[in-house]
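Below, each chain spelled out in residue letters.
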Amino acid sequence: MMGSNDKPQDELFYAFNLEELVPQDHLLRSIDRFLDFTDLREHLAPYYSHTGRPSVDPELMIRMLLIGYCLGIRSERQLCEEINLNLAYRWFCRLSITDKVPDHSTFSKNRHGRFRESEAFRFVFEQVIKRCIEEGLIGGEGFAVDASVVKADASRQRHHEDDDDDWGGGSRAINEYLDALHEEGSSITPAKKVSQTDPMARWTAAPGGPAYYAYSTNYLVDTEAGIIVDVEATTALRNQEVWSTKAMIERVQERFNLKTQKLIGDTAYGTAEFLSWMVEEAGIEPHVPVWDMGNNKPDRFGRSDFIYDAETDSYTCPGGKQLLRSRRNYSKPRTGIPKDGFIRYRAALHDCTNCSLKTQCCPNTRVRKIMRSQHENVRDVARVIGKTPAYQQTRKERKKVEMLFAHMKRILKMDRLRLRGLSGARDEFLLTATAQNLRRMAKCLGTGPPKIPETVPI
Ligand code: SF4
């Protein structure tokens, strides 16, 4: 006989245990074990007034945000609705079945302002890192670095005209941009195309794809368990992405006493200046391919086919001839370095003209020229490391950062920002990295022992 569920739903009193309803292997239960907000209240106390109407509990706000970022719920309105309906979400937020969930507009207002001023999101991110260190998930030796471009919340069609001083209303993102632009010693250079809604975002494009406004998220990842030890938001400019690594490495050392021994990155991090900072200033082993110009034709001699001799300060070509900095006899030897930081070494005209290897070497120029960076010694350090078996291993470890970016975009749905301005991007990237670290901890350390249930009578 076909059953039917026609019981009345109008009972006045229920007695059930919210704790018991959440499955032991629920992701939020696993994550909850690693959260401790005891210090957060102390950290935020100076930013709250002692009088007036009580605000929304900051712990509740953070817990709600973590649900959104851990489970890829990107809309604030949807997040508030889901928490209202879902018992596991209520349990995670420490809300009973009758507690009111903050309205989405109150929620939106509260996540800006005090939270940004007090750097609450960075505080929570760092609390999670401290827990990862306690749990032994961070080796602290080898870090991998990379950047990923995330679309800004800005229309591709709305550009600001160069000669127009009217920014129309002055939203938070616009004010932030204008303040940064007019700041003394500002490093911001106005781009060709500036968004009318989020001027700090950069007009950028992936190879072969359409252009759009975007920011970059930069991850510094410990290669042991793939924990993100630091995150930095930058505009989508290669130079800013690369140099944000310096800020992250220094911060990680200052906050957690983690000294970077080796840094793994792609060719973008292999510029002479950055390698020089890594090797000579920071004492870091560079596991980075050296950024070399003009080494990309397989049937031609590349730079690596020319051997440098420090004693004579010259290169020897595959034909056994010398390439020198200068062939004139100056009364005062020319030792200066050109403005671009690259010294030129040239072969003699008569050597190249009569050379049988010319078609493989310099078929389109009269003589062969080699450019040597003023930081070539550190580039050589990176080249030597590039030939070791350890380097082959670290190339594989770099994939961990790429996987984290793929996870961020595909599973956590962070392929477009919801907040505007660099500060909005910073908040979102910090919360995403916190969510990824919590999920990683839950995966690595399992669900753990169940908590003692508390009955919630209603
Ligand atoms: S073309 Fe000139 S630089 Fe090249 S191998 Fe011959 S001699 Fe050497």
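Residues numbered from 1 in each chain as written. Predicted model: local features only at pLDDT ≥ 70, side-chain atom pairs only at ≥ 80, totals over all residues.

1. Description of the overall build of the protein chain
Heads up, the condition is: Going along the chain from the N terminus, every DSSP run of H or I of four or more residues is numbered as a helix, and every run of E of two or more is numbered as a strand. Within these notes, the globule rule equals 2.2 Å times the number of residues to the 0.38 power, and the radius of gyration is based on C-alpha atoms. Exposed residues have 12 or fewer other C-beta atoms within 10 Å of their own C-beta, buried residues have 20 or more, and partly exposed residues fall in between, where C-beta atoms are placed from the backbone. Contact between two residues is assigned whenever their backbone-derived C-beta positions fall within 7 Å.
Of regular secondary structure, the protein chain possesses 18 helices and 15 strands. Relative to the 2.2 N^0.38 estimate, which gives 23 Å for 458 residues, the radius of gyration of the protein chain is 28 Å and therefore markedly larger than a compact globule would have. Over its C-alpha atoms, taken along the principal directions, the protein chain stretches across nearly 100 × 55 × 55 Å. Within the span of the protein chain, comprising 458 residues, buried residues form 33% of the whole. Sequence-distant contacts, at least 24 apart, represent 69% of the contacts inside the protein chain between residues at least 6 apart.

2. Observations concerning the sheet that holds strand β13 (residues 342-347)
In plain terms, the rule: Strand pairing is defined by DSSP finding a minimum of two bridges between the two strands. Note on geometry: axes are lines fitted to C-alpha atoms, helical ones only across the stretch in contact, with angles between N-to-C directions running from 0 to 180 degrees.
Spatially, β10-β11-β12-β13-β14 is the arrangement adopted by the five strands of the open sheet, whose pairing is antiparallel. This sheet does not close on itself; its edge strands, each paired only once, are β10 (307-309) and β14 (369-373). Averaged over neighbouring strand pairs, the angle between their axes works out to 30 degrees when direction is ignored. Here five bridges tie β13 to β14, and the two strands are oriented antiparallel to one another. For Arg 346, the partnering residue across the bridge sits in β14 and is Lys 369.

3. A word on the pairing of strand β7 (residues 227-235)
Most of β7 is tucked away: nine of the nine residues are buried. By the bridge criterion, eight bridges tie strand β6 (residues 212-222) to β7 in an arrangement that is antiparallel. Along β7, the bridge assignment pairs Thr 217 with Ala 233. Hairpin remark: β6 followed by β7, antiparallel, with four residues in the connecting loop; positive phi at Gly 226, about 75 degrees.

4. Description of the site of the ligand
Here is the rule we go by: Using a C-beta atom placed from the backbone, a residue is described as near a molecule or strand when that atom lies within 6 Å of it.
Neighbouring the ligand are 13 residues, the closest being Cys 317, Gly 319, Cys 352, Cys 355 and Cys 361. Contributing elements (two or more residues each) for the shell around the ligand: α13 (349-353) and α14 (358-361).

5. Remarks on the nonpolar core
Heads up, the condition is: By definition, a nonpolar core groups buried Ala, Val, Leu, Ile, Met, Phe, Trp, Tyr and Cys residues that are joined through C-beta atoms within 7 Å.
Of all hydrophobic cores here, the largest spans 87 residues; its most connected members are Ile 67, Tyr 215, Tyr 219, Val 221 and Val 229. Sort the elements by how many residues they give to this core and helix α18 (residues 421-445) lands first, with nine residues. The contact partners of Ile 67, leaving out residues within four places of it in the chain, are Leu 28, Ile 73, Leu 79, Ile 83, Tyr 89 and Phe 92. Within the second largest apolar cluster, seven residues are counted, among which are Cys 317, Tyr 345, Ala 347 and Cys 352.

6. Regarding the packing of helix α4 (residues 58-70) against α18
Packed helices, taken two at a time, are described by their axes: the angle between them and the distance between them. We apply this condition: An angle below 35 degrees is read as roughly parallel, one above 145 as roughly antiparallel, one from 65 to 115 as roughly perpendicular, and any other as oblique. Gly counts as polar in this scheme, as do all residues outside two lists: the nonpolar Ala, Val, Leu, Ile, Met, Phe, Trp, Tyr, Cys and Pro, and the charged Asp, Glu, Lys and Arg.
One way to put it is that α4 packs onto α18 with a least axis distance of 9 Å and a crossing angle of 75 degrees. In this view, α4 runs roughly perpendicular relative to α18, as classed from their interaxial angle. Contact residues: Leu 65, Leu 66, Tyr 69 and Cys 70 in α4; Leu 431, Thr 432, Thr 434, Ala 435, Leu 438 and Arg 439 in α18. Residue classes in the contact of α4 with α18 are distributed as seven nonpolar, two polar and one charged.

7. Notes on helix α5 (residues 76-85)
In an α-helix, one turn spans 3.6 residues; hence positions three or four apart end up facing the same way. Defined as follows: Directions from the helix axis toward the C-beta atoms define the arc.
Of all the positions in α5, only Leu 79, Cys 80 and Ile 83 are classed as buried. Summarising the axial view, the buried residues of α5 lie within an arc of 95 degrees, below the 170-degree limit, and thus occupy one face. With respect to the buried face of α5, the exposed residues turned more than 90 degrees away are Arg 77, Gln 78 and Leu 85. On its buried side, α5 packs onto α4, α6 (87-92) and α7 (104-111).

8. A few points about the packing of α5 against α7
Defined as follows: Here a crossing is taken to be left-handed if its near helix is turned anticlockwise relative to the far helix by less than a right angle, and right-handed if that turn runs clockwise.
Packing of α5 against α7 leaves a shortest axis separation of 9 Å and a crossing angle of 120 degrees. Viewed along their axes, α5 and α7 adopt a mutual orientation that is oblique. In this structure, the crossing between α5 and α7 has a hand that is right-handed. Here α5 contributes Glu 76, Arg 77 and Cys 80 to the contact with α7, which in turn contributes His 104, Phe 107 and Ser 108. Residues belonging to the contact of α5 with α7 are distributed by class as follows: two nonpolar, two polar and two charged.

9. Digging into helix α15 (residues 376-385)
All of the buried residues in α15 are Glu 376, Val 378, Arg 379 and Ala 382. Taken down its axis, α15 places every buried residue within 160 degrees of arc, on the same side. Looking at the buried positions of α15, the neighbouring elements they touch are α12 (272-281), β9 (285-287) and β14.

10. A word on unusual backbone geometry
Here Arg 94, not a glycine, exhibits a phi torsion of approximately 60 degrees, which is positive. Examined against the element boundaries, Arg 94 turns out to sit in the loop between α6 and α7. Non-glycine residue Lys 413 carries a positive phi angle of around 55 degrees. Inspection of the secondary structure assignment puts Lys 413 in the loop between α17 (399-410) and α18. Classification of Lys 413 as partly exposed rests on a count of 14 C-beta atoms within 10 Å.

11. Considerations on the confidence of the model for the protein chain
Selection rule: The predictor attaches a confidence to each residue, and that confidence, scored 0 to 100, is pLDDT.
Of the residues in the protein chain, 93% have a pLDDT of 70 or more, and the chain-wide mean is 86. Under a pLDDT of 50 for its full length, residues 449-458 has, in the predicted model, 15 contacts with residues more than four places off or in other chains.

12. Section: the environment of Gly 68
Within the fold, Gly 68 resides in helix α4. Each C-alpha atom, one on Gly 68 and one on Ser 186, is 35 Å from the other, the two residues being 118 residues apart in sequence. Contacts of Gly 68, omitting those with residues within four sequence positions, involve Ile 73 and Leu 79.

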